Amino acid sequence: MAAEKTFYLETFGCQMNVVDSERIVDSLKQIGYRQVSLVEDAGLILLNTCSVRDKAERKVYGHLGSFKPLKADNPALIIGVGGCVAQQEGERLLEKLPFLDLVFGTHNVHKLPEMVQAVEKNRVRCLETDFLDRETRLALFPRRTEGDMVSRFVTVMQGCDNFCSYCVVPHVRGREISRPSAEILAEIEELSAGGVREVTLIGQNVNSYGARIEGELSFAALLAAVQAIDGIERIRFTTSHPRDLSGELIAAFATLDKLCLHIHLPVQCGSDRVLKLMNRGYTRAGYLDRVRRLKEVAPEIRLTSDIIVGFPGETEEDFAATLDLVAEVRYADVFTFLYSPRPGTAAAELSDDLPAAVRQERFDRLLALQESIGRQVWAADVGAVLPVLVEGESRQGEGQIFGRTTWNRIVNFPGSPELIGRTVPVRILRSNKNTQLGEIVI
Ligand code: SAH
Ligand code: SF4
Ligand code: F3S
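Please read all numbers here as calculations on a predicted model, not as lab measurements. (Residues numbered from 1 in each chain as written. Chains lettered and ligands numbered in written order. Predicted model: local features only at pLDDT ≥ 70, side-chain atom pairs only at ≥ 80, totals over all residues. Heavy atoms only, no water.)

Helix and strand counts for the protein chain come out as 14 helices and 19 strands. With the C-alpha coordinates aligned to their principal axes, the bounding extent of the protein chain is approximately 65 × 60 × 50 Å. Counting over 442 residues, the protein chain shows a buried share of 52%. Contacts spanning at least 24 positions in sequence make up 71% of the contacts within the protein chain whose residues lie at least 6 apart. A total accessible area of about 19,500 Å² is found for the protein chain, and carbon and sulfur atoms account for 52% of it. The protein chain carries 52 positive and 60 negative side-chain charges, and their two centres are separated by 2 Å. (Helix = DSSP H or I, 4+ residues; strand = E, 2+ residues; numbered from the N terminus. Buried < 20%, exposed > 50% of the residue type's maximum accessible area, 1.4 Å probe, protein only. Contact = heavy atoms within 4.5 Å. Areas by Shrake-Rupley, 256 points an atom, 1.4 Å probe, with all protein chains shown as cover. Lys, Arg positive; Asp, Glu negative; His and termini not counted. Charge placed at Lys NZ, Arg CZ, Asp CG, Glu CD.)

Structure follows, in structure tokens:
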């Protein structure tokens, strides 16, 4: 009897990789593999990687190194790397790591089963990192129709054409393409029929959805069409580029009752001088004006953001402008990143003499400010009764379930798994750093 085939998969990075990993799981199952949760139990080990910062990339090399002894014990073991580090490093990965068997880029996820089978049969080393043309990419768009979860990501676009000066994404994901709205809506209808209640439309810059296709829906019109699908109760989207946040999309927060009252609107920095160097295409005043309009049409809306600290040449004055903006917007959450130079990006060419200690000190100050604002924002929920869409059993223990409020915060509370997929009123009892505790109100 042939030995059972097993694989272990670990995913890093953003929602795009999460969706690609779902496809990896499906396609490997189709060639007879079973997923395992321990590396030691696997005959095939895969990492789906992120290269947005140097730290993320170094982690991949570290991780792969730790698999080397496993391969020494079991020469039949297959080890592969996909995602953005694979795309960026390509052949270099195979050269640096002799025990690595296969490398597949961001446009080549569909090739994985074929590659695995080639390694199984002939013990060849495989590399696929070619970018594909538009037509082929459209035909291969990730698509899932099983409604086996309450909440699902739906990819509406891929790639990015913005070339923010610090960012590797356009280099590793390729040009931006939007998927036809008819396909997106058909997928969501199927998901809904299968029990999905919440969809998050994803892309690197969903606000420019459809912009370059004659006759295609605008992103706001796409949201309105999703709103009309029976069974879908909640709509989210990510990520928004502030430059492309249209008046029509802002208005959608008032007119579409299924649209959750949360927007991730990364500002990156509060200084006009740095925003320009970052090639972001908006000013501080333009950003704040959009925030003001969002709060005007939807006073309850909560914003989250990404901020990069220590962009090359950032002065104390630039940084003070960021702190000031954070205090003005009062974000519910901010993901703060230390600037990391990425190969091939425009910012990597800028002279950069900011001492690491200064960067770190600014990072800590921003974190402290945001922590205090975030604490106040979330503390305000205590005592309120909020609708929570139940997503599953909680990791908190037996008898606990979890779901999210409209603001995308996880709430853990006692309840029966039978409530999964239903929206229930929950009184918030406590706000912790990243989650809340509550009780169902009957
Ligand atoms: N498309 C999304 C973000 C993708 S990357 C958007 O535009 O919002 C996620 C976040 O990583 C970015 O928002 C940015 O804050 C951060 N990031 C990207 N490149 C970086 C770099 N070189 N150094 C530090 N942070 C970076
Ligand atoms: Fe990167 Fe800018 Fe594109 Fe976001 S919009 S993925 S930050 S280039
Ligand atoms: Fe990382 Fe690639 Fe996403 S670089 S953030 S996994 S597009």
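Next comes the rest of the write-up.
For the rest of this paragraph, the subject is the domain arrangement of the protein chain. Once the domains are mapped, the protein chain shows domain 1 (5–130), domain 2 (133–259), domain 3 (261–380) and domain 4 (385–440). Each of domain 2 and domain 4 was reduced to a C-alpha centroid, and the two centroids are 26 Å apart. Contacts between domain 2 and domain 4 engage seven residues on the former and 13 residues on the latter. Of the roughly 700 Å² buried between domain 2 and domain 4 on both sides combined, carbon and sulfur atoms contribute 49%. On the surface where domain 2 and domain 4 come into contact, there are zero salt bridges. Grouping the constituent residues of the side of domain 2 that touches domain 4 by class yields one nonpolar, one polar and five charged. (Domains from an automatic or database assignment. Buried area = accessible area lost by both parts, 1.4 Å probe. Salt bridge = Lys/Arg side-chain N within 4 Å of Asp/Glu carboxyl O. Nonpolar A, V, L, I, M, F, W, Y, C, P; charged D, E, K, R; others polar.)

This part is about the sheet that holds strand β4 (residues 78–82). If you walk across this open sheet you meet the six strands as β2-β1-β3-β4-β5-β6, and the pairing is parallel. Because the sheet does not close on itself, it has two edges, and the strands there are β2 (33–35) and β6 (126–128). The sheet shows a mean angle of 20 degrees between the axes of neighbouring strands, direction not considered. Of the strand pairs in this sheet, β4 and strand β5 (residues 102–104) are connected by three bridges, and their pairing is parallel. Each residue of the ladder has a partner; that of Gly 82, found in β5, is Phe 104. Docked against the sheet, helix α5 (residues 112–122) engages β1 (5–11), β2, β3 (44–49), β4, β5 and β6, running at close to 170 degrees with respect to β5. (Pairing = 2+ DSSP bridges. Axes fitted to C-alpha atoms, helices over the stretch in contact; angles between N-to-C directions.)

As defined by bridge partners, strand β15 (residues 385–393) adjoins strand β18 (residues 423–431) across five bridges and the pair is classed as antiparallel. Its bridge partner being in β18, Leu 389 is matched across the sheet by Thr 423. Sheet topology note: the β15/strand β16 (residues 400–404) ladder contains four bridges and is antiparallel. Among the inter-strand pairings, Glu 393 is bridged to a residue of β16, identified as Ile 401.

Okay, empty space enclosed by the protein next. Throughout the structure, instances matching the rule amount to two cavities of 30 Å³ or more. As for the largest cavity, its lining consists of 20 residues, of which Asp 20, Thr 106, His 107, Pro 142 and Gln 158 are closest to the centre. Of all elements in the fold, only α1 (15–30) and β8 (157–158) reach the threshold of two or more residues within the lining of the largest cavity. Considering only residue class, the lining of the largest cavity consists of eight nonpolar, eight polar and four charged. Both of domain 1 (5–130) and domain 2 (133–259) provide at least three residues apiece to the lining of the largest cavity. Lining the second largest cavity are Val 19, Glu 22, Arg 23, Pro 142, Arg 143, Arg 144, Phe 153, Val 154, Thr 155 and Glu 187. Of all the elements in the fold, those that place two or more residues in the lining of the second largest cavity are α1 and β7 (151–155). Its residues placed into classes, the lining of the second largest cavity shows four nonpolar, one polar and five charged. When residues of the lining of the second largest cavity are assigned to domains, at least three map to each of domain 1 (5–130) and domain 2 (133–259). (1 Å grid on protein atoms, 1.4 Å probe; cavity = no way out; pocket = protein on both sides within 12 Å on 5 of 7 lines; lining within 4 Å. Points joined across faces, edges and corners; volume = space filled by probe spheres on them.)

Annotation from UniProt places "binding site: [4Fe-4S] cluster 2" (unreviewed entry) at Cys 160, Cys 164 and Cys 167. Looking at the secondary structure, you find Cys 164 in the loop between β8 and α7 (169–173). With residues near it in sequence (within four places) discarded, Cys 164 still touches Met 278, Asn 279 and Arg 280. Relative accessible area serves as the criterion here: at 15%, Cys 167 is assigned to the buried category. (UniProt positions renumbered as here; feature names shortened; annotations may be inferred.)

What follows concerns the site of ligand 3. Around ligand 3 lies a shell formed by Gly 13, Cys 14, Asn 17, Cys 50, Ser 51, Val 52, Cys 84, Arg 173 and Gln 204. Split by residue class, the shell around ligand 3 holds four nonpolar, four polar and one charged. (Near = heavy atom within 4 Å.)

In this section: the site of ligand 2. Surrounding ligand 2, one finds Cys 160, Asn 162, Phe 163, Cys 164, Tyr 166, Cys 167, Val 169, Pro 170, Gln 204, His 241 and Arg 280. Considering only residue class, the shell around ligand 2 consists of seven nonpolar, three polar and one charged.

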